[in-house]
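Single-letter residue listing:
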Amino acid sequence: MDLFLETPQQQAERMPRQQQRLMEMQMQGAAAQPFAQNVVPAAVPAAVPGCDSAPEAYSVQQDSYAQELAFDKRRARHRLWAQRLRTLAMIVLIPMGLATIFLASYALTCILNGASPNEVLQHLAALGQRLGDVAATIRASWES
């Protein structure tokens, strides 16, 4: 996959062309051609010193590769957000699931011990009251 990696020789060939383009743009003024910033000129004039060869032609492969890189960056960003959402969901859902399992097992234990539906509701209300008392005690100790 080294097709799009630049070799030192290619870099040495590109640098004078790039400097020449920058000098030409400065000479012409950036305001005269604002739309032509990403356009590769068809040919470099022969009168330009240090620029013997024409610039590389437009490559569909390079454009495709750039699009794939952009897609990969977006996909990585989406994966990061999805990972954060999964972590947050686990932080919230695991304690809620454990509480639900505890309440269901508590109610089933009451039923297996012969409690009527009204008694099960009374036991669950008493459990809620005890949990509220514990939370109030913890809050009071936290404040002092």
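That block above? That's the structure.
So, here is what we can say about the structure in this document. Remember, predicted model here, so these are calculated numbers, not experimental data.

**Describing the packing of helix H2 (residues 60-112) against helix H3 (residues 117-143)**
For the pair H2 and H3, the least separation of the axes is 10 Å and the interaxial angle reads 140°. The angle between H2 and H3 places the two elements in the oblique class. The crossing of H2 and H3 is right-handed. For the pair H2 and H3, contact is made by Phe 102, Leu 103, Tyr 106, Ala 107, Cys 110 and Ile 111 and by Val 120, His 123, Leu 124, Leu 127 and Arg 130, respectively. Here the residues of the contact of H2 with H3 are counted per class, giving 9 nonpolar, 1 polar and 1 charged.

**Things to note about the packing of aromatic side chains**
This model, assessed by the stated rule, comprises 1 aromatic pair. Aromatic side chains Phe 102 and Tyr 106 sit 6.1 Å apart centroid to centroid with 25° between the ring planes, which places their arrangement in the stacked category. Pair noted here: Phe 102 and Tyr 106 are both in helix H2, with a separation of 4 residues, about one helical turn. Across from the ring centre of Trp 81, 5.1 Å away, lies the NZ or CZ of Arg 84, which sits over that ring.

Here is what the cut-offs are and how they apply
- Residues numbered from 1 in each chain as written.
- Predicted model: local features only at pLDDT ≥ 70, side-chain atom pairs only at ≥ 80, totals over all residues.
- Heavy atoms only, no water.
- Axes fitted to C-alpha atoms, helices over the stretch in contact; angles between N-to-C directions.
- Helix = DSSP H or I, 4+ residues; strand = E, 2+ residues; numbered from the N terminus.
- Parallel < 35°, antiparallel > 145°, perpendicular 65-115°, else oblique.
- Left-handed = near helix turned anticlockwise from the far one by under 90°.
- Contact = heavy atoms within 4.5 Å.
- Nonpolar A, V, L, I, M, F, W, Y, C, P; charged D, E, K, R; others polar.
- Phe/Tyr/Trp six-rings, centres within 6.5 Å; stacked < 30°, edge-to-face > 60°.
- Lys NZ or Arg CZ within 6 Å of the ring centre and 35° of its normal.

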